[in-house]
Amino acid sequence: MSRVVLGIAILLGTGAIANGIFMLISPVNWYFAVPGVTTTGPFNQHFIRDIGLIFLGVGAAFLLGAMRPVYRTVSWGAAATWLSGHALFHF
């Protein structure tokens, strides 16, 4: 596997985990800090924290795939499926 691909997976995983932690620890600050979020609907702490947990899972899946090639197809596939669905929802 290319070092570039593994590096991107590590960056995506780390970023997703950081975002998930931010969403869980401070949902109000996350809501106002991320551009465009306030235009998608009113603040909902429970919803933001639910999505924060999903981002933790997505980040963990990217890091797991980077560290354990045997799990790469399933973990990266699951993470990419959720992220793609989420993007299409916003599109």
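Every chain is numbered on its own, with residues counted from 1 as its sequence reads. Residues qualify for local features only when their pLDDT is at least 70, as the model is predicted, and side-chain atom pairs are given and counted only at 80 or more; totals for whole chains, interfaces and linings, by contrast, use all residues. Hydrogens and water molecules were not included; the side-chain quantities draw on all heavy atoms of the structure.

Caption draft 1: Structural context of the environment of Arg-3. Helix and strand definitions here come from DSSP, where helices need a minimum of 4 consecutive H or I residues and strands a minimum of 2 consecutive E residues; each element is numbered from the N-terminal end. Here Arg-3 shows up in helix α1 (residues 3-25). Linking Arg-3 and Phe-55, residues 52 residues apart in sequence, is a C-alpha distance of 24 Å.

Caption draft 2: The arrangement of the nonpolar core in detail. By convention a nonpolar core is built from buried Ala, Val, Leu, Ile, Met, Phe, Trp, Tyr and Cys residues, the set being connected through side-chain atoms within 4.5 Å. Accessible area is worked out with a 1.4 Å probe on protein chains only. A residue is then buried under 20% of its type maximum, exposed over 50%, and partly exposed in between. By size, the foremost hydrophobic cluster in this structure holds 15 residues, and its most contacted members are Met-23, Trp-30 and Phe-62. Of all the elements in the fold, those that place two or more residues in this core are α1, α2 (27-33), α3 (45-67) and α4 (72-90). Per-element accounting of this core gives the leading share, 7 residues, to α3. Apart from the residues lying within four places of it in its own chain, the contact partners of Phe-62 are Ala-9, Leu-12, Gly-13, Trp-76, Ala-79 and Leu-83. Any two residues whose heavy atoms approach within 4.5 Å at even a single point are treated as in contact.

Caption draft 3: Layout of α3. In this scheme, a helix's expected span is set at 1.5 Å multiplied by one less than its residue total. Given a rise of 1.5 Å per residue, 23 residues ought to cover 33 Å, and the 33 Å separating the end C-alpha atoms of α3 matches this to within 8%. Where α3 is concerned, the buried positions are Ile-48, Ile-51, Gly-52, Phe-55, Val-58, Gly-59, Ala-61, Phe-62, Gly-65 and Ala-66. In the core, the buried residues of α3 are packed alongside α1, α2 and α4. Pairs of N or O atoms are called polar contacts if they sit within 3.5 Å, as long as, within protein, a hydrogen donor faces a hydrogen acceptor (for residues adjacent in sequence, only side-chain-to-side-chain pairs). With a side-chain oxygen positioned 3.2 Å from the backbone nitrogen of His-46, the residue opening α3 is Asn-44.

Caption draft 4: Layout of the environment of Arg-49. Its place among the elements puts Arg-49 in helix α3. By relative accessible area, which is 29% here, Arg-49 ends up partly exposed. It is 18 Å that separates the C-alpha atoms of Arg-49 and Ala-61, two residues lying 12 residues apart in sequence. Leaving out residues up to four positions away in the same chain, Arg-49 has contacts with Met-23, Leu-24, Ile-25 and Pro-27.

Caption draft 5: Layout of the packing of aromatic side chains. Any Phe, Tyr or Trp ring, taking Trp's six-membered ring, that has another such ring centre within 6.5 Å forms a pair; planes under 30 degrees apart are called stacked, those over 60 apart edge-to-face, and the others tilted. Under the definition given, this model contains 3 aromatic pairs. Judged by centre distance (5.0 Å) and plane angle (85°), the rings of Tyr-31 and Phe-32 are edge-to-face. Looking at Phe-32, the relative accessible area reads 57%, which means it is exposed. Taken together, a centroid distance of 5.5 Å and an interplanar angle of 75° make the contact between Tyr-31 and Phe-43 edge-to-face. Here Phe-43 lies in the loop between α2 and α3 and Tyr-31 lies in helix α2, a separation of 12 residues in the sequence. An aromatic cluster is present here, built from Tyr-31, Phe-32 and Phe-43 joined pairwise through their rings.

Caption draft 6: Representation of the side chain of Arg-72 in the model. Note on placement: Arg-72 falls in helix α4. The convention is simple: Lys and Arg are positive, Asp and Glu are negative, and His and the chain ends are not counted. Salt bridges are counted wherever a side-chain nitrogen of Lys or Arg sits within 4 Å of a carboxyl oxygen of Asp or Glu. Buried and unpaired, Arg-72 has no salt bridge, with Asp-50 as the nearest side chain of opposite charge at 29 Å. Of the polar contacts made by the side chain of Arg-72, one reaches the backbone oxygen of Gly-65; its length is 2.8 Å.

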